[in-house]
Each structure stands twice: as C-alpha cells, then as structure tokens.
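Single-letter residue listing:
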Amino acid sequence: MLQRIQTIYLLLAAITSAGLIFLLYLWENSSGETVYAEDVLMVLIMFLLSAALSLVSIFMFKNRKLQFVLGRLNIILNFFLLGVFVYWLLSVPGEMDISEKGIGMLLPVISIVFLVLANRAIKKDEDLVKSVDRLR
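Worth saying up front: this structure is predicted, and the values here are computed from it rather than measured.

### Looking at the UniProt feature "transmembrane region" (unreviewed entry) in the protein
Stage number 1. When the UniProt feature table is mapped onto this chain numbering, "transmembrane region" (unreviewed entry) sits at residues 7-28, 40-61, 73-90 and 102-122.
Stage number 2. In this annotation, residues 40-61 is assigned 82% helix and 0% strand; the end-to-end C-alpha distance for the span is 33 Å.

### Let's talk about the sheet that holds strand β3 (residues 100-101)
Stage number 1. Strand order across the open sheet formed by three strands is β2-β1-β3, with antiparallel pairing between neighbours. Of all strands in the sheet, those bounded by a partner on one side alone are β2 (34-35) and β3.
Stage number 2. Strand direction decides the pairing type here: strand β1 (residues 27-28) and β3, joined by two bridges, are antiparallel. Bridge pairing in β3 places Glu-28 opposite Glu-100.

### Describing the environment of Phe-85
Stage number 1. You can see Phe-85 is positioned in helix α3 (residues 64-90).
Stage number 2. Residue Phe-85 is classed as buried on the basis of its relative accessible area, which comes to 1%.
Stage number 3. Taking the C-alpha atoms as reference points, Phe-85 and Val-43, 42 residues apart in sequence, are found 9.2 Å from one another.
Stage number 4. With near-sequence residues (within four places) excluded, Phe-85 lies in contact with Leu-26, Val-43, Phe-47, Gly-104, Met-105 and Pro-108.

### A word on the side chain of Ser-54
Stage number 1. Inspection of the secondary structure assignment puts Ser-54 in helix α2 (residues 41-58).
Stage number 2. Once residues lying within four places of it in the same chain are set aside, the contact partners of Ser-54 are Leu-10, Ala-13, Ala-14, Asn-74 and Leu-115.

### Structural notes on α2
Stage number 1. Taking 1.5 Å as the rise per residue, α2 with 18 residues should run 26 Å; its terminal C-alpha atoms sit 26 Å apart, in good agreement.
Stage number 2. Residues Val-43, Leu-44, Met-46, Phe-47, Ser-50, Ala-51, Leu-53, Ser-54, Ser-57 and Ile-58 constitute the buried set of α2.

### Concerning the nonpolar core
Stage number 1. Membership of the largest hydrophobic core comes to 19 residues, with the highest contact counts inside it found for Trp-27, Val-43, Phe-47, Phe-85 and Trp-88.
Stage number 2. Contributing elements (two or more residues each) for this core: α2 and α3.
Stage number 3. Counting residues in each nonpolar core, the second largest holds eight residues, with Leu-10, Ile-58, Phe-114 and Ala-118 among its members.

### Digging into the packing of α2 against α3
Stage number 1. At a minimum axis distance of 9 Å, the contact between α2 and α3 shows a crossing angle of 160°. If you check the angle between α2 and α3, you find them roughly antiparallel. Seen along the crossing, α2 lies across α3 with a hand that is left-handed. On α3, the residues touching Met-42, Val-43, Met-46, Phe-47, Leu-49, Ser-50, Leu-53, Ser-54, Val-56, Ser-57 and Ile-58 of α2 are Gln-67, Leu-70, Leu-73, Asn-74, Leu-77, Asn-78, Phe-80, Leu-81, Val-84, Phe-85 and Trp-88.
Stage number 2. Residues belonging to the contact of α2 with α3 are distributed by class as follows: 16 nonpolar, six polar and no charged.

### Notes on the packing of aromatic side chains
Stage number 1. Under the defined criterion, the tally for this structure stands at two aromatic pairs.
Stage number 2. Taken together, a centroid distance of 6.0 Å and an interplanar angle of 50° make the contact between Phe-85 and Trp-88 tilted. Here Phe-85 pairs with Trp-88, and both are found in helix α3, just three residues apart, close to one helical turn. A single burial state applies to Phe-85 and to Trp-88, both of which are buried.
Stage number 3. Taken together through their ring pairs, the aromatic side chains of Phe-47, Phe-85 and Trp-88 make up a single cluster.

So, how was this worked out
- Residues numbered from 1 in each chain as written.
- Predicted model: local features only at pLDDT ≥ 70, side-chain atom pairs only at ≥ 80, totals over all residues.
- Heavy atoms only, no water.
- UniProt positions renumbered as here; feature names shortened; annotations may be inferred.
- Helix = DSSP H or I, 4+ residues; strand = E, 2+ residues; numbered from the N terminus.
- Pairing = 2+ DSSP bridges.
- Buried < 20%, exposed > 50% of the residue type's maximum accessible area, 1.4 Å probe, protein only.
- Contact = heavy atoms within 4.5 Å.
- Expected span 1.5 Å × (residues − 1).
- Core = buried A, V, L, I, M, F, W, Y, C linked by side-chain atoms within 4.5 Å.
- Axes fitted to C-alpha atoms, helices over the stretch in contact; angles between N-to-C directions.
- Parallel < 35°, antiparallel > 145°, perpendicular 65-115°, else oblique.
- Left-handed = near helix turned anticlockwise from the far one by under 90°.
- Nonpolar A, V, L, I, M, F, W, Y, C, P; charged D, E, K, R; others polar.
- Phe/Tyr/Trp six-rings, centres within 6.5 Å; stacked < 30°, edge-to-face > 60°.

Now the structure itself:
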C-alpha cells in the first residue's frame, strides 16, 4: 500500500538524491566557481541511480522483501558515494581543485538516514504480517 510511512521516507530520499543536487553545490574550486553534481558525471549518475532505486522501491510495496533489499542496495550505493566524497576531501590539497566544501557533500548522509528509516518501517510491516499469519 502506498499510504505507508516508508513511502514518505523513500520519497524524501528520492527528493534528496534527485532534487537537492541541483540546488546545493558540492564544492567551490580555487577560481571561485561553484561545482554542482551535474558538473561531475560520475557523481550525477550515482545520485540519479539512488533516486531511481528509491522510486522503484516505492512501487514494490507488494513484495516487501524485494523492497527491503532495494533499500539496502541504495544504502550501499550512498555509502560508496559518501566514500568518494571523503576520498576527495582527504586527498592532498595539490591534487584536487577543491578549495571550499559545500553542503551538497552531506546529501548522501541525509539520504542514508531516510533509507534506514524506510527499511526499519518495511521490516516492522513484514514482522506484523508474519505475526498475523501465525495466528491463523
């Protein structure tokens, strides 16, 4: 059913991954230009893939186990994206052209929080269905 709380969490994760990347910048380079996710192709693809996984997961409400697995895959993808950002942040200052970090680098963390909350709600629904099946 679409009126569950995990739908809200998954929708917020999709909005974070697909919508906010165009509003919040990732970093500012040494010449003062702001760099958004659309300027770095790998980051854009990973953000859009995360949003697509969230949207597909919303419509898998009849198959909660698959919905849960898709949520976990999405969490792993966001951790990988976060790892790429941490690698860029911790690289030697002369190697990268990042002078000031932006708030956009925290978007995978926000998305992970929403995905964990959604997976917790999916697990709760699955446990409820199993408990009702035991009573029959």
